[in-house]
Amino acid sequence: MNIPKYKLKEFIISNSIAWILGVIWLIPFVGVLMASIRPYREIVGGWWHFSPFTITLKNFVGAFNHPMFPIGEGLRNSLIIAIPSTITPLLVAALAAYAFARYSFPVKHYLFAFIVFLMALPQQMTIVPLYFLLRNFHLLNKFQGLILVHSAWGLAWIIFFMRNYFSMLPTDVEEAARIDGASDFKIFYKIVLPMALPGLISAAILQFTWVWSDFFLALVFLQNPEKYVATQRLPLLRGQYFVDWGILTAASIMVMLVPLLVYTLFQKYYISGMIGWSTEK
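Here we look at the overall build of the protein
Within the protein, the regular secondary structure consists of 14 helices and zero strands. In summary, the protein has a C-alpha radius of gyration of 24 Å against a globular reference of 19 Å for 281 residues, an excess of more than 25%. For the C-alpha atoms alone, the extent of the protein along its principal axes is close to 75 × 70 × 35 Å. A buried classification covers 40% of the 281 residues belonging to the protein. Long-range pairs, those at least 24 residues apart, make up 74% of the contacts in the protein with a sequence separation of at least 6. Surface summary for the protein: the accessible area is close to 16,800 Å², and the carbon and sulfur share equals 71%. The protein carries 20 positive and 12 negative side-chain charges, and their two centres are separated by 5 Å.

Regarding the domain arrangement of the protein
Entries for the protein in the domain assignment read domain 1 (5–56) and domain 2 (68–232 + 259–277). If you average the C-alpha positions of domain 1 and of domain 2, the two centres end up 35 Å apart.

Side note on the environment of M195
Considering the arrangement of structural elements, one finds M195 in helix α9 (residues 184–195). Using a relative accessible area of 27% as the deciding quantity, one classes M195 as partly exposed. The spatial distance from the C-alpha of M195 to the C-alpha of A113 is 26 Å, given a sequence separation of 82 residues. The residues contacting M195, other than those within four sequence positions of it, are Y165, L169 and P170.

Describing helix α13 (residues 245–265)
Its 21 residues give α13 an end-to-end C-alpha distance of 30 Å, which sits within 8% of 30 Å, the value for a rise of 1.5 Å per residue. L257 marks the point of greatest bend in α13, at about 30 degrees, and the proline P259 comes within the next four residues. Within the span of α13, buried status applies to G246, I247, L248, T249, A250, A251, I253, M254, V255 and P259.

Quick notes on the packing of aromatic side chains
Under the criterion given, the structure shown has 16 aromatic pairs. Ring centres of Y98 and Y103 lie 5.8 Å apart, and the angle between their planes is 85 degrees; this geometry places the pair in the edge-to-face category. Residue Y98 is classed as buried on the basis of its relative accessible area, which comes to 4%. Pairing W157 with W210 gives two aromatic rings, centres 4.9 Å apart and planes at 70 degrees, and the pair type is edge-to-face. Here W210 lies in helix α10 (residues 197–212) and W157 lies in helix α7 (residues 143–168), a separation of 53 residues in the sequence. The exposure class of W210 is partly exposed, given its relative accessible area of 46%. An aromatic cluster is defined as three or more aromatic residues linked by ring pairs; in this entry it consists of Y98, Y103, F166, F185, F188 and Y189.

Re the confidence of the model for the protein
On average, residues of the protein score 89 in pLDDT, and 95% of them are at 70 or above. The least confident element of the protein, judged by mean pLDDT, is helix α14 (residues 267–273) at 75; the most confident is helix α4 (residues 71–102) at 95.

Re the packing of α4 against α7
For any two helices packed against each other, the geometry is given by the interaxial angle and the distance between the axes. The geometry of α4 relative to α7 is characterised by a closest axis approach of 6 Å and an angle of 35 degrees between their N-to-C directions. Pair α4 / α7 crosses with right-handed handedness. Broken down by class, the residue content of the contact of α4 with α7 amounts to 21 nonpolar, seven polar and two charged.

Procedures and definitions
Residues numbered from 1 in each chain as written. Predicted model: local features only at pLDDT ≥ 70, side-chain atom pairs only at ≥ 80, totals over all residues. Heavy atoms only, no water. Helix = DSSP H or I, 4+ residues; strand = E, 2+ residues; numbered from the N terminus. Rg over C-alpha atoms; globule rule 2.2 N^0.38 Å. Buried < 20%, exposed > 50% of the residue type's maximum accessible area, 1.4 Å probe, protein only. Contact = heavy atoms within 4.5 Å. Areas by Shrake-Rupley, 256 points an atom, 1.4 Å probe, with all protein chains shown as cover. Lys, Arg positive; Asp, Glu negative; His and termini not counted. Charge placed at Lys NZ, Arg CZ, Asp CG, Glu CD. Domains from an automatic or database assignment. Expected span 1.5 Å × (residues − 1). Bend = angle between axes of the 7 residues up to and from the residue. Phe/Tyr/Trp six-rings, centres within 6.5 Å; stacked < 30°, edge-to-face > 60°. pLDDT = per-residue confidence, 0-100. Axes fitted to C-alpha atoms, helices over the stretch in contact; angles between N-to-C directions. Left-handed = near helix turned anticlockwise from the far one by under 90°. Nonpolar A, V, L, I, M, F, W, Y, C, P; charged D, E, K, R; others polar.

Take a look at the structure:
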């Protein structure tokens, strides 16, 4: 198969640019990795010095069992918050999104436009009323309060995402099931949800990643050091008079590994589900 010269030239140039950008993007991560697996004495002059080069896992153990702010407890607290903060809005938003995609009701378009508007609302504008609201309901400094905030915050964009995805699904199977006497709810959880699995997983990965990476809301609503999540504990590992870069980088890698692992496991569904962002019927 002969490839035209101009196309071959474009292919080489585009791939070269992509590789260069990829390498540039990876350099900071390589530095973090090198600092996390080597003793402090070997990286004090720069991680790119490889003589001597000693691989050790002591930094990971030290970060996981840190005497003041163990990152292991932070990972546990982050999971306690991130898992229900992903499942709860996903279930509620899926029901609402299906209604927007399949049914007609008064002020439907105005209500959907309001939901889209909520997506543009910055967190900083709502932090003060949310603080007093959680305080009045005795949910301040509790995991339940932060879970409610994250769940409510994720509803708008998940409804938008899933509404577009449901609109792409064919209606023939639903109509056939309705003729056979299936109820609307049975059609939803027996037919629509299995068909929309890539979209659901894609939305779940995004919501989980955003909740896991949150620092601002956790900083405001969690004030007990024992309840600090992983992102709150990371800056505290620096210390006041001495920065152990090995401990700090090892903790950073452990924090970033969780969403990376989730994405790796569900990559196929994530890519196929992301089409729901850009396609609207």
